[in-house]
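# Inside the fold
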Amino acid sequence: MPGYSARIAGNPYVVGSFACIGGGLFGLDISSMSGVLNSFILPSHTITVQNQAYFNVFDNPVANVQGAIVASMPAGSIFGALAVTSLADRIGRKNTVILSSIIWVIGGILQCAAV
């Protein structure tokens, strides 16, 4: 396994590619949250489209509560990133990826079942 290569790490195209991946993942976060918080007024200003189930479950949340709901997603990502480092040292990288995949699948099932 090759070590650190200054030629690769100093390449602006490699660095830019990783920045693009980060931007794409940020866009994925924003788009998934906009699916939950889809209350908006159409450009004609006559029709408001709302996710009525969301408003019923969270009892018509104000802006601060909606901000907390949105902030919980990156907060969970930070917690997961910090937890996975020590977990990988204990059970290995392969088993950590398998466990993370299982948790992700269970979370997806719970989200689909919540509808």
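This is a predicted model, so every value here is computed, not measured. (Residues numbered from 1 in each chain as written. Predicted model: local features only at pLDDT ≥ 70, side-chain atom pairs only at ≥ 80, totals over all residues. Heavy atoms only, no water.)

### Overview of the overall build of the protein
As a reminder of what qualifies: Helix numbers and strand numbers start at the N terminus; a helix is a DSSP run of H or I with at least 4 residues, a strand a run of E with at least 2. Partly exposed describes any residue whose relative accessible area lies between the buried limit of under 20% and the exposed limit of over 50%, with all areas from a 1.4 Å probe on protein chains only and scaled to the type maximum. We call two residues in contact when some of their heavy atoms are within 4.5 Å. Using the Shrake-Rupley algorithm and a 1.4 Å probe, accessible areas are obtained, with residue cover drawn only from the displayed protein chains.
Counting secondary structure elements, the protein contains five helices and two strands. The N-to-C order of helical and strand elements in the protein reads α-α-β-β-α-α-α. For the protein, the residues scored as buried account for 6% of the 115 residues in total. A sequence separation of at least 24 residues applies to 19% of the contacts in the protein between residues at least 6 apart. About 9,400 Å² of surface is accessible on the protein, with carbon and sulfur atoms providing 70% of the total.

### A closer look at helix α4 (residues 63-91)
Spelled out, the test is: Given a helix with a known number of residues, its expected span is that number minus one, times 1.5 Å. What the bend at a residue measures is the angle between two axes, fitted to the seven residues ending there and to the seven starting there.
With 29 residues, α4 extends 41 Å from end C-alpha to end C-alpha; this agrees with the ideal 42 Å at 1.5 Å per step. In the structure, α4 departs most strongly from a straight axis at V84, where the bend amounts to approximately 30°. After α4 finishes, the residue G92 shows a positive phi value of roughly 95°.

### A closer look at the environment of I69
Looking at the element boundaries, I69 is found in helix α4. I69 has contacts with M33, Y54 and F58, leaving out every residue within four places of it along the chain.

### Some points on the side chain of T96
The following threshold applies: Definition of a polar contact: a pair of N or O atoms within 3.5 Å, with one able to donate and the other able to accept a hydrogen when the atoms are protein atoms, and with sequence-neighbouring residues admitted only if both atoms are side-chain atoms.
Structurally, T96 can be placed in helix α5 (residues 93-113). Relative accessible area serves as the criterion here: at 3%, T96 is assigned to the buried category. In this structure the side chain of T96 is engaged in a polar contact, spanning 2.7 Å, whose partner is the backbone oxygen of G92. In this view, T96 contacts V84, L87, A88 and I91; residues no more than four positions away in its chain are not counted.

### Brief notes about the environment of S101
Secondary-structure assignment places S101 in helix α5. Polar contacts involving the side chain of S101 include one to the main-chain carbonyl oxygen of V97, which spans 2.8 Å.

### A look at the packing of α4 against α5
Convention followed: To define axes, lines are fitted to C-alpha atoms, for helices over the stretch in contact only, and angles between the resulting N-to-C directions are given on a 0 to 180 degree scale. Note on terminology: angles under 35 degrees are roughly parallel, angles over 145 are roughly antiparallel, angles of 65 to 115 are roughly perpendicular, and the others are oblique. Two helices that cross are described as forming a left-handed crossing if the nearer one is turned anticlockwise from the farther one by less than a right angle, and a right-handed crossing if clockwise.
Contact geometry for α4 and α5: axes closest at 7 Å, N-to-C directions at 125°. Considering their axes alone, α4 and α5 lie oblique with respect to each other. Of the two possible hands of crossing, α4 and α5 adopt the one that is right-handed. Note on element contacts: α5 touches α4 through R93, N95, T96 and L99, opposite V84, L87, A88 and I91.

### Considerations on the confidence of the model for the protein
Short version of the rule: Predictor confidence is given residue by residue as pLDDT, running from a minimum of 0 to a maximum of 100.
In the predicted model, the protein carries a mean pLDDT of 78, and the fraction of residues at 70 or more is 80%. At the low end of the mean pLDDT range in the protein sits strand β1 (residues 40-41), at 52; at the high end sits α5, at 89.

### A few points about a nonpolar patch on the surface
Operational definition: Patch membership requires over 30% relative accessible area and the absence of a salt bridge. Like charges are linked within 9 Å, and nonpolar side chains (Val, Leu, Ile, Met, Phe, Trp, Tyr) within 5 Å. Here a salt bridge means any side-chain nitrogen of Lys or Arg lying within 4 Å of a carboxyl oxygen belonging to Asp or Glu.
A cluster of nonpolar side chains, F18, I21, L25 and L28, forms an exposed patch at the surface whose accessible area comes to about 450 Å². Looking at I21, the relative accessible area reads 49%, which means it is partly exposed.

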